[in-house]
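Now for the letters of each chain:
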Amino acid sequence: MIKNMGNLDRVIRLVVAAAIVALYFTDVIPGTLGIVFMIIAGIFALTSFISFCPIYAPFKFNTCPKPEKK
């Protein structure tokens, strides 16, 4: 897999995932909706750690900085 996520994108996804987890465990998002959001948070965290978003791939969207040519 080629990385297609930049650092800012990764940090934003981790912050959103952490916020969802906090809201779930403080019972702000309860029940089935909470479980759905926890699954989304898990996907955000996983894609952030591997720096690859499968939704970006078909659209050829890339937030990684371009490497400098020497």
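It should be emphasised that the depicted structure is a prediction, and the values quoted were computed from it without experimental measurement.

Asks: How do you make sense of the packing of helix 1 (residues 7-25) against helix 2 (residues 31-50) when you look at a structure like this?
Replies: A pair of packed helices is characterised by two quantities: the angle between their axes and the separation of those axes. In the contact formed by helix 1 and helix 2, the axes pass within 8 Å of each other and the chain directions differ by 155°. What the angle tells us is that helix 1 and helix 2 run roughly antiparallel. Viewed along their axes, helix 1 and helix 2 form a crossing whose handedness is left-handed. Every residue of helix 2 that contacts helix 1 at Arg10, Arg13, Leu14, Val16, Ala17, Ile20, Val21, Tyr24 and Phe25 is listed here: Gly34, Ile35, Phe37, Met38, Ala41, Phe44, Ala45, Thr47, Ser48 and Phe49. Within the contact of helix 1 with helix 2, the residues separate by chemical class into 14 nonpolar, 3 polar and 2 charged.

Asks: Could you clarify how one ought to interpret the pattern of salt bridges in this entry?
Replies: Side chains that differ in sign of charge can pair as their charged atoms come close. Across all of its chains, the model carries 1 salt bridge by this definition. A salt bridge links Arg13 to Asp9, with the shortest nitrogen-to-oxygen separation between them at 3.4 Å. Placement of both Arg13 and Asp9 in helix 1 is noted, with a separation of 4 residues, approximately one turn of the helix. For the pair Arg13 and Asp9, a shared accessibility class is recorded, and that class is buried.

Asks: Is there a simple way to explain helix 2 in this structure?
Replies: Since the α-helix advances by 3.6 residues per turn, residues separated by three or four positions end up pointing in the same direction. The end-to-end C-alpha distance of helix 2 is 29 Å, a good match for the 28 Å that 20 residues give at a rise of 1.5 Å each. Here the buried face of helix 2 lies against helix 1. Ser51 sits one or two positions beyond helix 2 and adopts a positive phi of about 60°.

Asks: Whenever I open this one, a nonpolar patch on the surface confuses me. Can you help?
Replies: A contiguous nonpolar patch, built from Met1, Leu14, Leu46, Phe49 and Ile50 and spanning about 570 Å² of accessible area, is present on the exposed surface. No other element matches the 3 residues that helix 2 contributes to the nonpolar patch. Tracing the backbone shows Leu14 in helix 1.

Calculation notes
- Residues numbered from 1 in each chain as written.
- Predicted model: local features only at pLDDT ≥ 70, side-chain atom pairs only at ≥ 80, totals over all residues.
- Heavy atoms only, no water.
- Axes fitted to C-alpha atoms, helices over the stretch in contact; angles between N-to-C directions.
- Helix = DSSP H or I, 4+ residues; strand = E, 2+ residues; numbered from the N terminus.
- Parallel < 35°, antiparallel > 145°, perpendicular 65-115°, else oblique.
- Left-handed = near helix turned anticlockwise from the far one by under 90°.
- Contact = heavy atoms within 4.5 Å.
- Nonpolar A, V, L, I, M, F, W, Y, C, P; charged D, E, K, R; others polar.
- Salt bridge = Lys/Arg side-chain N within 4 Å of Asp/Glu carboxyl O.
- Buried < 20%, exposed > 50% of the residue type's maximum accessible area, 1.4 Å probe, protein only.
- Expected span 1.5 Å × (residues − 1).
- Patch = residues over 30% accessible without salt bridge, like charges linked within 9 Å, V, L, I, M, F, W, Y side chains within 5 Å.
- Areas by Shrake-Rupley, 256 points an atom, 1.4 Å probe, with all protein chains shown as cover.

Read these as spatial facts, not as claims about activity.
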